[in-house]
Amino acid sequence: MPKSSQIKKLQKELELEVSDLPLAKSASDIVHGEGSVDSEIVLIGEAPGYHESVQRRPFVGRSGQLLRKTLIAVGLQPETVWISNIVKVRPPENRDPTPDEILAFRPYLDKEIEIISPKIIVTLGRFSMGKFLKDVRISQVHGRLHKIKWQRKILFILPMYHPAAALRSTKMKQSFLADFEKIKKILKWIDSQEESIQLESNIADTLL
Ligand code: URA
């Protein structure tokens, strides 16, 4: 089944299971991920805010505008990447999502990642970073590539500050942009790694 059909099926499933989920009263409260299912990059935020909930699109409010502007500034059109959240319904008063809420939405996000199967996951803020990287501080690891084993697969994780944090000061905004400027270079590096792994296995094949 094409990736786009798999994603549509997953989103439908989530809507049908809405009564078992925290925060949501109806399927129309759900804010699905959006963008290109063929993207090499998946960006994961925290949870929808007011504007996201009204428009039913991730990252369209103030911090979303900064995120989208920053993507464009580094040569990435927002519609060519995949943008999603760990929790797909707005928590009241935009409070932090609870561990139970994160857990409840986890199967959908995991499936989303499995379907899209990106080269790199950019986490936005400490909640989505915490899904993959344990016992680290965002102030120490932002903008640094991490190679991890996750569900028996190798994943590349690039933790970033949340754009809402970047909105707090010019210095934070500059740091946010500087981290995003690394994405294309990192993707090239990952490709070169994959080529050398490929090369090694070709050599092994010829030797055998
Ligand atoms: N903040 C998030 O983490 N996600 C959104 O979709 C919007 C704001």
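First things first, this report covers the structure right here in the doc. (Residues numbered from 1 in each chain as written. Predicted model: local features only at pLDDT ≥ 70, side-chain atom pairs only at ≥ 80, totals over all residues. Heavy atoms only, no water.)

### Quick notes on the nonpolar core
Part 1 of the reasoning: Grouped together as the largest cluster of nonpolar side chains are 55 residues, with contacts concentrated most on Ile41, Leu43, Leu67, Leu124, Phe132, Phe180 and Ile183.
Part 2 of the reasoning: Sort the elements by how many residues they give to this core and helix α4 (residues 99-116) lands first, with 6 residues.
Part 3 of the reasoning: With near-sequence residues (within four places) excluded, Ile41 lies in contact with Leu76, Val81, Trp82, Pro118, Ile120, Val122, Ile183 and Leu187. (Core = buried A, V, L, I, M, F, W, Y, C linked by side-chain atoms within 4.5 Å. Buried < 20%, exposed > 50% of the residue type's maximum accessible area, 1.4 Å probe, protein only. Helix = DSSP H or I, 4+ residues; strand = E, 2+ residues; numbered from the N terminus. Contact = heavy atoms within 4.5 Å.)

### Observations regarding the site of the ligand
Part 1 of the reasoning: Around the ligand sit Gly45, Glu46, Ala47, Pro48, Glu52, Pro58, Phe59, Ser63, Asn85 and His162, and that is every residue in its neighbourhood.
Part 2 of the reasoning: A distance of 3.0 Å separates an oxygen atom of the ligand from a polar atom in the backbone of Phe59.
Part 3 of the reasoning: One nitrogen or oxygen atom from the side chain of Asn85 is found 2.8 Å from a nitrogen atom belonging to the ligand.
Part 4 of the reasoning: Compared with its free state, where it exposes 230 Å², the ligand has 93% of that area covered by protein.
Part 5 of the reasoning: Grouping the amino acids of the shell around the ligand by side-chain chemistry returns 4 nonpolar, 4 polar and 2 charged. (Near = heavy atom within 4 Å. Polar contact = N/O pair within 3.5 Å; in protein donor to acceptor, adjacent residues only side chain to side chain. Areas by Shrake-Rupley, 256 points an atom, 1.4 Å probe, with all protein chains shown as cover. Nonpolar A, V, L, I, M, F, W, Y, C, P; charged D, E, K, R; others polar.)

### Some words on the packing of helix α3 (residues 62-73) against helix α8 (residues 170-180)
Part 1 of the reasoning: Where α3 contacts α8, the two axes come as close as 9 Å, and the packing angle between them is 45°. Classified by the angle their axes make, α3 and α8 are oblique. Our pair here, α3 against α8, has a crossing hand that is right-handed. Residues Leu66, Leu67, Thr70, Leu71 and Ala73 of α3 form the contact with α8, whose own contacting residues are Lys173, Phe176, Leu177 and Phe180.
Part 2 of the reasoning: Grouping the constituent residues of the contact of α3 with α8 by class yields 7 nonpolar, 1 polar and 1 charged. (Axes fitted to C-alpha atoms, helices over the stretch in contact; angles between N-to-C directions. Parallel < 35°, antiparallel > 145°, perpendicular 65-115°, else oblique. Left-handed = near helix turned anticlockwise from the far one by under 90°.)

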